[in-house]
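Take a look at the letters that make up each chain.
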Amino acid sequence: MKKRVLVTGGAGFIGSHVCETYIADGYDVLCVDNLSSGKRTNISHLLDSEQFQFVEEDINHHEAMAALFASFQPAIVNHHAAQKSVVTSLEDPLHDVDINIKGLLVLLDCIKNNPIEAFVYVSSGGALSKVIEGQEKSSEEDVPQLISPYAITKYAGEKYLAIYAKAYGFDYTVLRYANVFGPRQIPDGECGVVPIFVNNIVANQTSVLMTYPDMPRGCTRDYVYVKDVAEANRLASIQPLNTVVNIGSGEEIAILDIYDTILAIFEKEVSIQITGPRAGDVKRSVLSNARAKACLGWQPQVSLEAGLLALKKEMTLGVV
Ligand SMILES: NC(=O)c1ccc[n+]([C@@H]2O[C@H](COP(=O)([O-])OP(=O)(O)OC[C@H]3O[C@@H](n4cnc5c(N)ncnc54)[C@H](O)[C@@H]3O)[C@@H](O)[C@H]2O)c1
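Residues numbered from 1 in each chain as written. Predicted model: local features only at pLDDT ≥ 70, side-chain atom pairs only at ≥ 80, totals over all residues. Heavy atoms only, no water.

Enquirer: Which residues make up the overall build of the protein chain, and what are the values?
Expert: Scanning the protein chain from N- to C-terminus turns up 10 helices and 13 strands. Relative to the globule expectation of 20 Å for 320 residues, the C-alpha radius of gyration of the protein chain, 19 Å, shows essentially globular dimensions. Expressed along its principal axes, the backbone C-alpha trace of the protein chain runs to roughly 55 × 45 × 40 Å. For the protein chain, the residues scored as buried account for 54% of the 320 residues in total. Considering only residue pairs separated by 6 or more positions, the protein chain has 79% of its internal contacts joining residues 24 or more positions apart. (Helix = DSSP H or I, 4+ residues; strand = E, 2+ residues; numbered from the N terminus. Rg over C-alpha atoms; globule rule 2.2 N^0.38 Å. Buried < 20%, exposed > 50% of the residue type's maximum accessible area, 1.4 Å probe, protein only. Contact = heavy atoms within 4.5 Å.)

Enquirer: I'd love a proper account of the environment of Glu117, names of residues and values included.
Expert: Looking at the secondary structure, you find Glu117 in the loop between α4 (93-113) and β5 (118-124). C-alpha separation for the pair Glu117 and Ser237, spaced 120 residues apart in sequence, amounts to 9.3 Å. In this structure the side chain of Glu117 is engaged in a polar contact, spanning 2.8 Å, whose partner is the side chain of Lys3. (Polar contact = N/O pair within 3.5 Å; in protein donor to acceptor, adjacent residues only side chain to side chain.)

Enquirer: How would you summarise α4 if you had to cite specific residues and measurements?
Expert: The end-to-end C-alpha separation of α4 is 30 Å, in line with the 30 Å expected for 21 residues at 1.5 Å each. Where α4 bends most, the angle comes to about 25°, and this point is Lys102. Restricting attention to buried positions, one finds in α4 the residues Asp96, Ile99, Asn100, Ile101, Gly103, Leu104, Val106, Leu107, Leu108, Cys110 and Ile111. Of the surrounding secondary structure, the elements contacted by the buried residues of α4 are β1 (4-8), α2 (62-72), β4 (76-79), α3 (86-91), β5 and α5 (149-168). (Expected span 1.5 Å × (residues − 1). Bend = angle between axes of the 7 residues up to and from the residue.)

Enquirer: Can you lay out the environment of Pro183 for me, pointing to particular residues and giving the numbers?
Expert: The residue Pro183 is located in the loop between β7 (179-181) and α6 (193-202) in this model. Since its relative accessible area comes to 3%, Pro183 is described here as buried. When the C-alpha atoms of Pro183 and Lys227 are compared, they prove to be 9.3 Å apart, with 44 residues separating the residues in sequence.

Enquirer: Tell me about the sheet that holds β4, and name the residues and values.
Expert: Read across the open sheet, the 7 strands follow the order β3-β2-β1-β4-β5-β6-β11; overall the sheet is parallel. Of all strands in the sheet, those with a lone pairing partner are β3 (52-56) and β11 (243-247), marking the two edges. Pairwise comparison of adjacent strand axes, ignoring direction, gives a mean angle of 20° for this sheet. With respect to the sheet, α5 is in contact with β5, β6 (171-177) and β11, its orientation differing from that of β5 by roughly 160°. (Pairing = 2+ DSSP bridges. Axes fitted to C-alpha atoms, helices over the stretch in contact; angles between N-to-C directions.)

Enquirer: How would you summarise the packing of α4 against α5 if you had to cite specific residues and measurements?
Expert: Viewed as axis vectors pointing N to C, α4 and α5 meet at an angle of 10°, and their least axial separation amounts to 10 Å. The angle between α4 and α5 falls in the class roughly parallel. Every residue of α5 that contacts α4 at Pro93, Asp96, Val97, Asn100, Ile101, Leu104, Leu105, Leu108, Asp109 and Lys112 is listed here: Pro149, Tyr150, Thr153, Lys154, Ala156, Gly157, Tyr160, Leu161, Tyr164 and Tyr168. (Parallel < 35°, antiparallel > 145°, perpendicular 65-115°, else oblique.)

Enquirer: Outline the site of the ligand, supporting the account with residue identities and numerical values.
Expert: In the vicinity of the ligand there are 28 residues, among which Phe13, Asp33, Ser37, Tyr150 and Val180 approach most closely. Residue His80 places a main-chain N or O atom 3.0 Å away from an oxygen atom belonging to the ligand. In the model, an oxygen atom of the ligand is placed 2.9 Å from a nitrogen or oxygen of the Lys154 side chain. Relative to its unbound accessible surface of 810 Å², the ligand loses 98% to contact with the protein. Among the secondary structure elements, those contributing two or more residues to the shell around the ligand are α1 (13-24), β5, α5 and β7. Broken down by class, the residue content of the shell around the ligand amounts to 14 nonpolar, 9 polar and 5 charged. (Near = heavy atom within 4 Å. Areas by Shrake-Rupley, 256 points an atom, 1.4 Å probe, with all protein chains shown as cover. Nonpolar A, V, L, I, M, F, W, Y, C, P; charged D, E, K, R; others polar.)

Spatial relationships are all this shows, so hold off on functional conclusions.
Set out below in structure tokens:
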């Protein structure tokens, strides 16, 4: 029998690729999304599949979610729905708690009456990074900086999940993503730096880069291609690790270098304006992916350049 997976946030950028991967692997998928930042067009190509159902719903609607759990009886819950912006979390921490903590607790509460086999929870390797020095990379065992409400709620979510997994007898994996990029990403928030730059460059418009005085090429980040991330979800569903695992490239790149790489790939020359730092930003971020390789059998297949070329190709074809 096909396994049933409930994907929250499945109409979003990453969630829609995750739904595709599950369908290709033979799962029946129930995608629940309130379309607050996700789009119907991200999943329109999946709607004809007998393996795919979409319900427009808010994960915070407890009764509605309980009814969906009872009728669909998922074996796996894959939780991508979130308030994902560091900046929004600083401006409106109550909203951040509402979605990232309360929303998760609604799902976990539904599991009490509808037992599952495994839960895949999405967290953030960048936001939960420690202050890294020299050539080191963030490991899952580091003590996170927790300098934004978003980091706090994602971290708390990891801890809630571990408690519920033990209490209600299911397995879980926490996937701490690096900065994900690829088709369907919308240009908002810090995670959206690639689409922000790409859109500006294609439109010959100046971008703005926020730097620290001691980091003139901008903060550093670790970029991972969205289809590699979807594959990590597939593997974590087959073989839950009951721990946290970083999903990143292991390559540290300054944001100005991302900009220059995009200029080269899109064969453009467009200026960039440098300005002051932004509150809540982790200065340097690069994730060790040693645990993902050793325990999940996962490693990134698509480089930044190859991913940007694929994005350019899809934009040329009008797919994105
Ligand atoms: N994009 C990245 O680089 C990155 C990095 C680390 C972690 N993440 C995490 O990955 C997940 C997906 O992020 P994304 O970049 O695809 O963003 P996204 O905004 O495209 O996806 C989030 C989805 O959740 C849905 N959603 C939000 N609140 C909801 C609610 N209350 N009920 C139902 N649906 C709701 C949105 O409509 C959207 O479709 C998030 O948990 C985010 O924190 C993303």
